[in-house]
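Here's the letter readout for the chains.
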Amino acid sequence: MTASRTARERARTELTREIVEAARRRLATEGAAGLSLRAVARDLGMVSSAIYRYFPSRDELLTVLIVDGYNALGTAAETSESDETDYAGRWLALGHAVRDWAVAHPQEYALLHGSPVPGYRAPQDTVVPAMRAIQVYGRLVSEAHRAGAAGTPVGFPDPLGLLAADAERVRQVMPGTPDGLVLRAVGVWTALFGWIGFELSGQFEGTLLERRAAFDHHLHCQATLLGLPAGAT
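The structure presented is a predicted model; accordingly, all values stated were derived computationally and were not measured. Sequence order sets the numbering: in each chain, residues are counted from 1 along the sequence as written. Local features in this predicted model are restricted to residues of pLDDT 70 or higher, and side-chain atom pairs are both shown and tallied only at a pLDDT of 80 or more, whereas totals for entire chains, interfaces and linings draw on every residue. The basis for the side-chain values is all heavy atoms of the structure; hydrogens and waters are excluded.

Caption draft 1: Inspection of the pattern of salt bridges at higher detail. Whenever a carboxyl oxygen of Asp or Glu lies within 4 Å of a side-chain nitrogen of Lys or Arg, that contact is scored as a salt bridge. Taken as a whole, this structure holds 17 salt bridges when the rule is applied. In this structure, the salt-bridge partner of arginine 139 is glutamate 81, at a minimum N-O distance of 2.7 Å. Of the two residues, arginine 139 is situated in helix H7 (residues 127-146) and glutamate 81 in the loop between helix H4 (58-80) and helix H5 (87-104); the sequence distance between them amounts to 58 residues. Arginine 139 gets classed as partly exposed once you look at its relative accessible area, which sits at 33%. Owing to a relative accessible area of 29%, glutamate 81 belongs among the partly exposed residues under this scheme. With its nearest N and O atoms 3.7 Å apart, the salt bridge here joins arginine 99 to aspartate 100. Labels follow the DSSP assignment, with helices taken as runs of H or I lasting at least four residues and strands as runs of E lasting at least two, numbered in each case from the N terminus. Burial classification: accessible surface area is computed with a 1.4 Å probe over protein chains only, and a residue below 20% of its type maximum counts as buried, one above 50% as exposed, and the rest as partly exposed.

Caption draft 2: Representation of the nonpolar core within the structure. Among buried residues, those of type Ala, Val, Leu, Ile, Met, Phe, Trp, Tyr and Cys that are joined through side-chain atoms within 4.5 Å constitute a nonpolar core. Among the nonpolar cores identified, the biggest contains 62 residues, and Leu61, Trp91, Tyr137, Leu192 and Leu228 are the most heavily contacted of them. Examining the composition of this core, we find that 9 residues originate from one element, helix H9 (residues 179-200), more than from any other. Contacts were defined at the residue level, with two residues in contact if any of their heavy atoms lie within 4.5 Å. Contact partners of tryptophan 91, with chain neighbours within four places excluded, come to Tyr137, Leu140, Val188, Trp189, Leu192, Leu219, Gln222, Ala223 and Leu228.

Caption draft 3: Structural detail: the packing of aromatic side chains. Pairs were defined over the aromatic rings of Phe, Tyr and Trp, the Trp ring being its six-membered one, requiring ring centres within 6.5 Å. Orientation was assigned from the angle between planes: stacked under 30 degrees, edge-to-face over 60, tilted for the rest. One pass over the full model with this rule turns up 7 aromatic pairs. Between tryptophan 91 and tyrosine 137 the ring centres are 5.6 Å apart and the planes differ by 50 degrees, which places this aromatic pair in the tilted class. Placement of the pair is tryptophan 91 in helix H5 and tyrosine 137 in helix H7, with a sequence separation of 46 residues. Here the two residues tryptophan 91 and tyrosine 137 agree in accessibility, since each one is buried. A ring pair is formed by tryptophan 189 and phenylalanine 193, whose centres lie 5.0 Å apart and whose planes are at 65 degrees; its orientation type is edge-to-face. One end of the pair is tryptophan 189 and the other is phenylalanine 193, both in helix H9 and 4 residues apart, which spans about a single turn. For the pair tryptophan 189 and phenylalanine 193, one class covers both residues: buried. Here a set of aromatic residues connected by ring pairs shows up, and it is made of Trp91, Tyr109, Tyr137, Trp189 and Phe193.

As structure tokens, this is what we get:
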């Protein structure tokens, strides 16, 4: 009886994996908004009613894809992490790790950071995976500040007082950092994903041909906004 249940569990696990992989392939052709359980079932030769025993709704399947994507991106970011005091170097490694993953997995990246899927509301299950890459960045910024390696670039204004509450919320992932650095760090993180979004959507076609070198220069420029002097080289 136990062996029979175990075999059924293995079969269910394997078919669940196949459904998720088929859905991931569908992302490449239909996009997240066009994802359909019935279409995935057809791809696997299943009757449409059978797939609902594994995923009761399209949104549950989307959530699995989103969690997998965030975890994969988080793993890429964490793999780049180190304890070295070359904070600019750590920022460059993190930025390239995020871009490399996105370029290798453009459809998954679009699911995470592209246009919202109509009618889909991400559940709480996505929060922890979504924070993994951000926490790597937050640790970098916090450690650089504690080491005195994240200065304030000359000429930068102090943040407006009305931004103090926003800075406090962000500071949860980079504890101990002052408001000015927190808000500059938000801008740098945003610029990272803005560049990647432009690149993946084809905005650099015919202009930036040496993409990796141009991106590396971009990361060096952003390092100066964090006050990491080695980023200016």
